[in-house]
Every structure is written in C-alpha cells, then in structure tokens.
Amino acid sequence: MDWPKYYLEEIIPFNLKHFSTKQGDFPVDQKVKSLSSLSAVYYGKKGEGGSSKNCYGRNGSPTYISVPIGTIVKEEGGIVADLSQHGLLYTAAYGGAGGKGNRFFLSNENRAPMTATPGEKGQERVVQLELQTVAHAGLVGFPNAGKSSLLRAISNARPVVAAYPFTTLNPHVGIVKYRDHEQVAVADIPGLIPGAHLNRGLGISFLRHIERCRVLLYVLDMSLPNPCEQLQQLSFELEQYKPHLSCRPHAIVANKMDLPNTWKNLKALRSHVHQRVIPISALTGDNTEELILHLRQLYDSHAQSSSNSRLLPRKT
C-alpha cells in the first residue's frame, strides 16, 4: 500500500477507516489526500501452485494500497505504524507462498516424482487507519473565532464559512505560497471547547491534529470581552492534552478587528501578554500580509532549528 505525508490540501473528509487485508503493503503517497477512496476489504493473490519440470510456484504478488501522509495504523487499539513521511512502506499482511515443485520431492527412492503442492493463502489481518492532519501550522481557537475565514484569506483553501459555531467538523488544509516558491501548509482545526482534553466536543481527535503541527496560530475573537481568557483557556487545553504543546513556536492572531470595541480589547490583551499579537480582519483581509510574513519567519526558524539539531554530534 502507498503512504503519503505532508502537504495535504483542501478538505479531509474523515479520519478513520476500518478494513481487512489479505496480503498488502501500505505505501505513503503525497498525492493521496484522504482515506475516502479506500475499500473495506482488500484481497491479495494466493501463491501459485508448484508443477512438474522442476517448477516451483510463484509467491503471491504484492497488493499496494496508497495512503496519505499522516496515516496511523492501529490494531486492537494500539499503534503499529506511524506513516508520517512520503515514501514510507508498511507491510500489513504477507502474501501466500508459492507451492513446491516436483523437484522438492526428489529422493533416492523416487527419482521421477510427480507430486507438487498448491500455493498457500496469504495472511489475513484487520487494522484501523487513522489520518492525522500533517501541516506546518495549525489554526487553534474556539468555535466561531473565524479560523475558516482566515484560511480562505491567506491560502488557496475554500472551507465552508457560516455565521454559527461548529461550521468546521473536519480539518481543512490550505497552502500559503510565497514568491520564492516556498509553500507552507496551514490547517484549520475544528474549534475546541472547554474540556476538550477530556474529549468534550470530540476534543481529543482535534487535539491530535494540533499535535502534528510544527507552528501554532492562536486565533482569538476580539469582539468578545476578555480575549486574554480565550488564550489562557486554549493553552490550558493543549497543556492538559500534552505537556509543552502550547509552547511550540506560535503567534497570537487577533481576529475580527473590523467589529466595534475590538481595539479596546486589543489594548487589554497586549497589556497581559508578552508575545507578538497580530491584529487582522479575516473578513476584509486587513493586515493579513503581516500574518503571512510572520508565519514564514516562524516556519523558517523552525526549519533551521530542526536542521541544526540533526547536525549535532551524538553523545557517546
């Protein structure tokens, strides 16, 4: 089977898939964007039977099932493979062995054997596939904070936008393109609610997507009072899910600055936080250029630090 990794674009319809396979490999393929095209059952070929004239049977040929980057293979609730890079290959089940030819039965007593064995059946296995969004940056916020509108404003993605909470039920990934042809994948993660780390509002599945992002963009609704509390609550949910997750490279995006009283809230927010706060309006597109440039800085800084860590000598 084929497994792809990064650069998922547009819509990921769902993230879980159960299926059984007899003889199959999962290869990662970055051209595959979701698990929606997979069937519930895959059958490989049996081994061919042996025959006369010293002919052994051919082993069953591989069955390849391409999967997107970020696919996790589970069996009985446990993770058996994490396919997070393009080109990785995981063997889910082994094919049938070819049968033995008549030469196998050659002996001093039987110099011209006529016996051969049939090919064997392949291994049968039931696994669960789970797709975790793989993106460079993730938009983190409460429902109706304007994350989908922001993704539409800065990328090529076109998620559904509506004036009610929980419009986004599955992650959307868009690509931000720069003049030097660099591309940064940004994921619109469905809105978290208080208690998300306890799986309220499907919070655990959403937090899993956030865990895969290198950079976080906290999107705050500046039309609501006490935006600092929004930031604190979001950080709390991430920390409860996984320690230090909220401390990844991040920026604070003050959204909906086109609405009344938002500048007053922005001033109060800046007085309580030391991080950079970028005021924008995803609806009108105001100041999104500053966010795009700052996103690139975060992306380049993370890429440089990752490169340096790989060059460090190992301790002996």
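As a reminder, the structure under discussion sits directly above these lines.
In this text the structure is predicted, and so the values were computed from the model without any measurement. Residue positions are counted from 1 within each chain, in the order its sequence is given. The predicted nature of this model means local features are confined to residues of pLDDT at least 70 and side-chain atom pairs, given and counted, to a pLDDT of 80 or more, with totals for whole chains, interfaces and linings taken over all residues. Only heavy atoms go into the side-chain values, all of them from the structure, while hydrogens and water stay out.

Some words on the overall build of the chain
Next up, step 1: Check the secondary structure of the chain and you find five helices and 14 strands.
Next up, step 2: Throughout, a contact is declared for two residues whenever any of their heavy atoms are within 4.5 Å. Considering only contacts within the chain whose residues lie at least 6 apart along the sequence, 69% involve residues at least 24 apart.
Next up, step 3: Accessible surface, the chain as shown: approximately 16500 Å² in total, 51% of it carbon and sulfur. Helical segments are the DSSP runs of H or I of at least four residues, strand segments are the runs of E of at least two, and each set is numbered from the N terminus. Only the protein chains shown count as cover for residues, with accessible areas throughout obtained via the Shrake-Rupley method and a probe of 1.4 Å.

A closer look at the nonpolar core
Next up, step 1: Here, nonpolar core means buried Ala, Val, Leu, Ile, Met, Phe, Trp, Tyr and Cys residues that are tied together by side-chain atoms lying within 4.5 Å of each other. Burial status follows relative accessibility: with a 1.4 Å probe on protein chains alone, a residue under 20% of its type maximum counts as buried, one over 50% as exposed, and anything between as partly exposed. Membership of the largest hydrophobic core comes to 30 residues, with the highest contact counts inside it found for Val-140, Leu-192, Ile-210, Leu-238 and Leu-269.
Next up, step 2: When residues of this core are traced back to their parent elements, those giving at least two are β10 (172-177), β11 (183-188), α2 (203-211), β12 (215-221), α3 (227-241), β13 (250-255) and α4 (262-272).
Next up, step 3: It is α3 that contributes the most residues to this core, four residues altogether.
Next up, step 4: With 24 residues, the next largest nonpolar core counts Leu-139, Ala-145, Val-215 and Val-219 among its residues.

A few points about the side chain of Lys-256
Next up, step 1: Along the chain, Lys-256 falls in the loop between β13 and α4.
Next up, step 2: In the analysis that follows, any N or O atom pair within 3.5 Å is treated as a polar contact, provided that within protein one partner can donate a hydrogen and the other can accept it, and provided that, for residues neighboring in sequence, both atoms belong to side chains. Of note is the side chain of Lys-256, whose polar atom sits 2.7 Å from the backbone oxygen of Asn-144.
Next up, step 3: Here the side chain of Lys-256 touches Asp-221 through a polar contact of 3.2 Å, side chain to side chain.
Next up, step 4: Those residues in contact with Lys-256 that lie beyond four places of it in its chain are Asn-144, Ala-145, Gly-146, Asp-221, Ser-223, Thr-262, Ile-280 and Ser-281.

Notes on the environment of His-172
Next up, step 1: Assignment of secondary structure puts His-172 in strand β10.
Next up, step 2: Judged by its relative accessible area of 10%, His-172 falls in the buried class.

Some points on α3
Next up, step 1: One less than the number of residues in a helix, times 1.5 Å, gives the span that helix is expected to have. Relative to the 21 Å expected for 15 residues at 1.5 Å per residue, α3 spans 22 Å between its end C-alpha atoms, a close match to the ideal helical length.
Next up, step 2: What α3 keeps buried is the set Pro-227, Cys-228, Gln-230, Leu-231, Leu-234, Glu-237 and Leu-238.
Next up, step 3: The inward-facing, buried residues of α3 abut β9 (137-140), α2, β12, β13 and α4.

Observations regarding the packing of aromatic side chains
Next up, step 1: A pair of aromatic rings is counted whenever rings of Phe, Tyr or Trp (Trp by its six-membered ring) have centres within 6.5 Å, and the orientation is called stacked for planes under 30 degrees apart, edge-to-face for over 60 and tilted otherwise. Inspection of every chain in the model, using the stated rule, returns zero aromatic pairs.
Next up, step 2: Just above the ring of Tyr-178 sits the side chain of Arg-296; from NZ or CZ to the centre is 5.1 Å. We call a charge positioned above a ring when the Lys NZ or Arg CZ atom is no farther than 6 Å from the ring centre and deviates by at most 35 degrees from the ring normal.

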